[in-house]
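# Chains, contacts and geometry: an overview
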Amino acid sequence: MRIPFLPLKPEKVLSISRKTFIYSLADKFSKILSLEVTLKQADIPYEEREWLSLAIYSSLHWFFVMFSILFFIGIISKTNIFAYSILLSFVFSGFLFIYFILYPKLIVSRKVRDVEKNLPFVLRHLLIELRGGVSLYDAFVSISSQDYGILSKEFKEVVKKISSGYSEIQALEELTLKIPSQKFRKTMWQIVNSLRSGVDISDVLKDIVNNIISEQRAEIKEHGSSLNPIALSYMMF
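Below is a short write-up of the structure. All of these numbers come straight from a predicted model, not from anything done at the bench. Note on numbering: residues in each chain are counted from 1, in written sequence order. Per-residue local features are limited, in this predicted model, to residues with pLDDT of at least 70; the limit for side-chain atom pairs, both in listing and counting, is 80 or more; totals at the level of whole chains, interfaces and linings are taken over all residues. Excluding hydrogens and water, the side-chain figures rest on all heavy atoms present in the structure.

### So, the overall build of the protein
Put simply, the test is: Strands are runs of DSSP state E lasting at least two residues, helices are runs of H or I lasting at least four, and both sets are numbered from the N terminus onward. Between buried and exposed lies partly exposed: a residue is buried under 20% and exposed over 50% of the maximum accessible area for its type, with that area taken using a 1.4 Å probe on protein chains only.
Counting its secondary structure elements, the protein contains 11 helices and 0 strands. In sequence order, the protein lays out its α and β elements as α-α-α-α-α-α-α-α-α-α-α. A principal-axis box enclosing the C-alpha atoms of the protein has dimensions of 80 × 45 × 30 Å. The 237 residues of the protein split such that 41% are buried.

See below:
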């Protein structure tokens, strides 16, 4: 994955970090900052200590780059800006470190928005499939082949897990924990509980979609915004 402001490939940076004080410093930071869950939710393929190593290395790199540029400008202009060079470089590298800490949360926020935007359409799709006599597994396969953003990608993983021996309930429970959207989690727990109790999922889905429509209508009245009438009519039945 491409990481903003990282001057080298992540693997190269990690290799350097393990040979220097950076890795041990990152280990100390990891005891203060709790990023492990957020990194997993953001699908960032690095452990907490590794991510913090990237953050520290990048901050140090840009500190020296910024300082060198400012110090060189001071020499050319024959101005003593040594103290200012250190201060500005320190501030800039500090902001970069904070950016790295917040970056996984930014990705998670985008992920949640995408999930909640597509959730009503995924549920509607699932409901149509089940009412048409399609099995739950095949309905998941159908959803995974559509363009529902992150949810299509996640349902591909659900399909893979079920194919490898997971039960539908197990696969859905793991998906529920992976996506930090309260609306999504509430919906999925209702579906999981229905599967456990043997209740007709179609009826549950119908109620869920109707509730989502009601919530969206309430948001329209509250915020004075507008919902695409075509989208609304698609969700209604």
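### Regarding the layout of surface pockets
Our working definition: Any residue with an atom within 4 Å of a point lines the site, the site being either a cavity, points on a 1 Å grid over the protein atoms alone where a 1.4 Å probe fits but cannot get out, or a pocket, an open set with protein on both sides within 12 Å along at least 5 of 7 lines. Grid points are joined across faces, edges and corners, and a volume is the space filled by probe spheres set on the points. All amino acids are sorted into three groups, where Ala, Val, Leu, Ile, Met, Phe, Trp, Tyr, Cys and Pro are nonpolar, Asp, Glu, Lys and Arg are charged, and the leftover types, Gly among them, are polar.
Roughly 230 Å³ of volume is contained in the largest pocket. Lining the largest pocket are 13 residues, and of these Leu119, Lys183, Thr187, Ile212 and Glu215 lie nearest its centre. When residues of the lining of the largest pocket are traced back to their parent elements, those giving at least two are helix 5 (82-131), helix 9 (182-197) and helix 10 (201-223). Looking at the lining of the largest pocket, the element that brings in the most residues is helix 10, giving 6 residues. A per-class count over the lining of the largest pocket returns 4 nonpolar, 4 polar and 5 charged.

### Some details on the nonpolar core
What tends to happen in soluble globular proteins is that the nonpolar side chains get buried as a cluster. Put simply, the rule reads: We call a set of buried Ala, Val, Leu, Ile, Met, Phe, Trp, Tyr and Cys residues a nonpolar core when their side-chain atoms join them within 4.5 Å. What makes two residues a contact is simply this: any of their non-hydrogen atoms within 4.5 Å.
The biggest cluster of nonpolar side chains holds 32 residues, and the ones touching the most others in it are Phe140, Leu151 and Phe155. Secondary structure elements with two or more residues in this core: helix 5, helix 6 (136-144), helix 7 (150-163), helix 8 (168-178), helix 9 and helix 10. Setting aside residues no more than four positions away along its own chain, Phe155 makes contact with Val122, Phe140, Ile143, Ser144, Leu172 and Leu175. Residues Leu39, Ala42, Ile44 and Phe100 belong to the second largest nonpolar core, which totals 24 residues.

### Focus on the packing of helix 8 against helix 9
In a packed pair of helices, the relevant descriptors are the angle between the two axes and the axis-to-axis distance. The cut-off we apply is this: The angle between two axes is taken between their N-to-C directions and runs from 0 to 180 degrees, where each axis is a line fitted to C-alpha atoms and a helix contributes only its stretch in contact. Small angles under 35 degrees read as roughly parallel and large ones over 145 as roughly antiparallel, with 65 to 115 read as roughly perpendicular and the rest as oblique. Left-handed describes a crossing in which the near helix is turned anticlockwise from the far one by less than a right angle; the clockwise case is right-handed.
Running from amino to carboxyl end, helix 8 crosses helix 9 at an angle of 165°, the nearest separation of the two axes being 9 Å. As summarised for this structure, helix 8 and helix 9 are arranged roughly antiparallel, according to the angle between their axes. The chirality of how helix 8 crosses helix 9 is left-handed. Residues Ile169, Leu172, Glu173, Leu175, Thr176 and Leu177 of helix 8 touch helix 9, and the partners they reach there are Phe184, Arg185, Met188, Trp189, Ile191, Val192, Leu195 and Arg196.

### A closer look at the pattern of salt bridges
Using the following cut-off: The term salt bridge refers to a side-chain nitrogen of Lys or Arg lying within 4 Å of a carboxyl oxygen of Asp or Glu.
Going through the model one piece at a time under the given rule, you end up with 10 salt bridges. Among the salt bridges present, the one from Lys40 reaches Glu36, with a minimum N-O distance of 3.8 Å. Here Lys40 and its partner Glu36 are both found in helix 3 (residues 36-41), 4 residues apart, which amounts to about one turn of the helix. Of the residues examined, Glu36 reaches a relative accessible area of 46% and is grouped as partly exposed. A single network of salt bridges, built from pairs that share partners, joins Asp43, Lys111, Glu154 and Lys178.

### Things to note about the side chain of Ser181
With respect to the secondary-structure elements, Ser181 resides in the loop between helix 8 and helix 9. With relative accessibility at 1%, the residue Ser181 sits in the buried group. With sequence-adjacent residues up to four places away left out, Ser181 is seen in contact with Val112 and Glu116.

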